[in-house]
Amino acid sequence: MPSSVNDTFNLIRKVTPARAFNAAQVLSSYYYSQWTRKPAHHALPISIAIEPTTSCNLRCPECPSGLRSFTRPTGMLRGDLFRKVMDELAKTLSYLTFYFQGEPYLHPQFLELVSYAASRNIYTTTSTNAHYLDDSMAKRTIQSGLDRLIISIDGTTQDTYEAYRIGGKLEKVIEGTKNIIRWKKELKSATPFVVFQFLVVKPNEHQINEVYHLANQLGVDHVALKTAQIYDYENGSALIPTLDKYSRYQRQDNGTYKIKNELLNHCWKMWQSCVITWDGKVVPCCFDKDAHYVMGDLNEKSFKEIWQSDKYYAFRSSLLKSRSEIEMCRNCTEGTKVWAEA
């Protein structure tokens, strides 16, 4: 059976009647809110992202972690806070992403957190730069029950790779990938589903075909070509691809750039998911990297109290009225990922 089919089946088999009913409620609430222009919500999220840490070993130029440009503090997710959230949401939560900013494997108990979520039969995924996947860590990753492992590989030669992944070593990424694939085989494990994520920017766009070849050589399950978010895109950037298919931005007649997609006054993410920072702040979306739109603090309230609070209601209401007035939405290009199988 192809690995992508196995992965889909793995996700489906984790769906319980309670999770399916919750998802149906989320979907109906979303469409009802679009129709009435009032932010009704009668369920809990289908998926959440939780941040193990804001720390990172690399210095990528369009990443707050890499730039060390956060105004919020840097730290590590507490195990007790994580377990509190999981215990509250496990019945209805289907999908858990262990990533927001930072490198997850820098958290000393990261794989213990994964194991806890896996024990609750929640589909788990993370994204890593793969510099810490030595033999021991790779084995522990397989044993943790992680369902999907996204490995960032933004070049197939060192000079191209380090043009974006500043401070990184491509040989470490390839070594870590080999360790994961080898331990999957030795432990006879179907998981994690291994994805090479290739962030298409101008310096690496000529290597798109090569990353497919490398993925096939190593036994990677999937290749994801991802478009890059550029913060100061209006006057152009050396990172914007020349291949229009892989650019979120469009050059105008006057030489400036604009976002391609239309900013509509609704957003599925605001109904089905959210992000939890390492210190317990609930923010609406992964575009709020510096946590400017905090809906509540899990150190003070339960998740449900925050999710169904007046503050969250007001935020969803403002989005339905005029999404362009919300700062983090202005550079939002949700839906512009390009996925392809290796």
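These lines cover the structure that appears in this document, whether it is placed above or below. This structure is a prediction, so every number in the text was calculated from the model and none was measured.

About the criteria used
- Residues numbered from 1 in each chain as written.
- Predicted model: local features only at pLDDT ≥ 70, side-chain atom pairs only at ≥ 80, totals over all residues.
- Heavy atoms only, no water.
- Helix = DSSP H or I, 4+ residues; strand = E, 2+ residues; numbered from the N terminus.
- Rg over C-alpha atoms; globule rule 2.2 N^0.38 Å.
- Buried < 20%, exposed > 50% of the residue type's maximum accessible area, 1.4 Å probe, protein only.
- Contact = heavy atoms within 4.5 Å.
- Areas by Shrake-Rupley, 256 points an atom, 1.4 Å probe, with all protein chains shown as cover.
- Lys, Arg positive; Asp, Glu negative; His and termini not counted.
- Charge placed at Lys NZ, Arg CZ, Asp CG, Glu CD.
- Core = buried A, V, L, I, M, F, W, Y, C linked by side-chain atoms within 4.5 Å.
- Axes fitted to C-alpha atoms, helices over the stretch in contact; angles between N-to-C directions.
- Parallel < 35°, antiparallel > 145°, perpendicular 65-115°, else oblique.
- Left-handed = near helix turned anticlockwise from the far one by under 90°.
- Nonpolar A, V, L, I, M, F, W, Y, C, P; charged D, E, K, R; others polar.
- Pairing = 2+ DSSP bridges.
- Expected span 1.5 Å × (residues − 1).
- Arc of directions from axis to C-beta.
- Patch = residues over 30% accessible without salt bridge, like charges linked within 9 Å, V, L, I, M, F, W, Y side chains within 5 Å.
- Salt bridge = Lys/Arg side-chain N within 4 Å of Asp/Glu carboxyl O.

**Here we look at the overall build of the chain**
The helix and strand inventory of the chain stands at twelve helices and twelve strands. Whereas a compact globule of 342 residues would reach a radius of gyration of roughly 20 Å, the chain reaches 20 Å, a difference of no more than 12%. The buried share among the 342 residues of the chain stands at 55%. Across the chain, every contact between residues at least 6 apart in sequence was considered, and the portion connecting residues at least 24 apart equals 69%. As displayed, the chain offers around 15,400 Å² of accessible surface, 52% of which is attributable to carbon and sulfur atoms. Averaging the coordinates of the 42 positive side-chain charges in the chain and doing the same for the 36 negative ones gives two points 4 Å apart.

**Thoughts on the nonpolar core**
Grouped together as the largest cluster of nonpolar side chains are 91 residues, with contacts concentrated most on Leu96 and Phe196. Discounting residues that sit within four places of it in the chain, Leu96 has contacts with Ile48, Ile50, Phe82, Met86, Ala117, Ile122, Tyr123, Thr124 and Thr125. If you look at the next biggest cluster of nonpolar residues, it comprises five residues, including Ala49, Phe100, Val275 and Ala291.

**Section: the side chain of Ser29**
Tracing the backbone shows Ser29 in helix H2 (residues 17–36). Each residue touching Ser29, except ones within four places of it in the same chain, is listed here: Ala40, His41, His42 and Trp271.

**Concerning the packing of helix H4 (residues 79–89) against helix H5 (residues 110–119)**
At a minimum axis distance of 11 Å, the contact between H4 and H5 shows a crossing angle of 15°. Between H4 and H5, the interaxial angle falls into the category roughly parallel. Two packed elements cross with a definite hand, and for H4 against H5 that hand is right-handed. Residue-level contacts link Gly79, Phe82, Arg83, Met86 and Asp87 of H4 to Leu113, Tyr116 and Ala117 of H5. Its residues assigned to classes, the contact of H4 with H5 comprises five nonpolar, one polar and two charged.

**Section: the pairing of strand E3 (residues 123–128)**
In terms of burial, E3 is a largely internal element, six of the six residues being buried. Burial along E3 is two-sided: Tyr123, Thr125 and Ser127 facing one way and Thr124, Thr126 and Thr128 facing the other are all buried. Inspection of the sheet shows strand E2 (residues 95–98) paired to E3 by four bridges, in the parallel sense. Paired with Phe98 across the strands is Thr126, a residue of E3.

**A short note on H2**
Along its 20 residues, H2 runs 28 Å from first to last C-alpha, staying within 8% of the 28 Å computed at 1.5 Å per residue. Buried within H2 are the following residues: Arg19, Asn22, Val26, Ser29, Tyr30 and Ser33. One face of H2 carries all of its buried residues, which in axial projection span an arc of 100°. Among the exposed residues of H2, those pointing more than 90 degrees away from its buried face are Pro17, Phe21, Tyr31 and Trp35. At its buried positions, H2 is contacted by helix H10 (269–272) and helix H12 (310–321). Remark: Arg37 follows H2 within two positions and exhibits a positive phi of approximately 65°.

**Section: a nonpolar patch on the surface**
On the surface, Leu27, Tyr31 and Trp268 cluster together to form a nonpolar patch covering roughly 300 Å² of accessible area. Here Trp268 lies in the loop between strand E8 (257–259) and H10. A relative accessible area of 32% means that Trp268 is categorised as partly exposed.

**Topic: H5**
The complete set of buried residues in H5 reads Phe110, Leu111, Leu113, Val114 and Ala117. Seen along its axis, H5 keeps its buried residues to an arc of 155°; they face one direction. Contacts made by the buried residues of H5 are with H4, E2, E3 and helix H6 (135–144). Just downstream of H5, Asn121 is the residue with a positive phi angle, here 65°.

**A short note on the pattern of salt bridges**
All chains considered together, the criterion is met by eleven salt bridges. Between Arg78 and Asp80 there is a salt bridge, with the nearest N and O atoms lying 2.9 Å from each other. On the basis of relative accessible area, Asp80 is assigned to the partly exposed category, the value being 44%. Between Arg165 and Asp154 there is a salt bridge; the shortest N-O distance is 2.6 Å. Of this pair, Arg165 sits in the loop between helix H7 (158–164) and helix H8 (170–186) while Asp154 sits in the loop between strand E4 (148–152) and H7, placing them eleven residues apart in sequence. Here Arg165 matches Asp154 in class, with each residue buried. Each member of the salt-bridge network shares a partner with another, and the members are Asp135, Arg182 and Glu186.

**A look at unusual backbone geometry**
Omega for the bond connecting Thr191 with Pro192 falls within 30 degrees of zero, at 5°, which places this linkage in the cis form. Among the structural elements, Pro192 can be located in the loop between H8 and strand E5 (193–200). The residue Asn121 is not glycine, and still its phi comes out positive at about 65°. Examined against the element boundaries, Asn121 turns out to sit in the loop between H5 and E3. Positive phi, normally seen in glycine, also occurs at Ala130, with a value near 70°.

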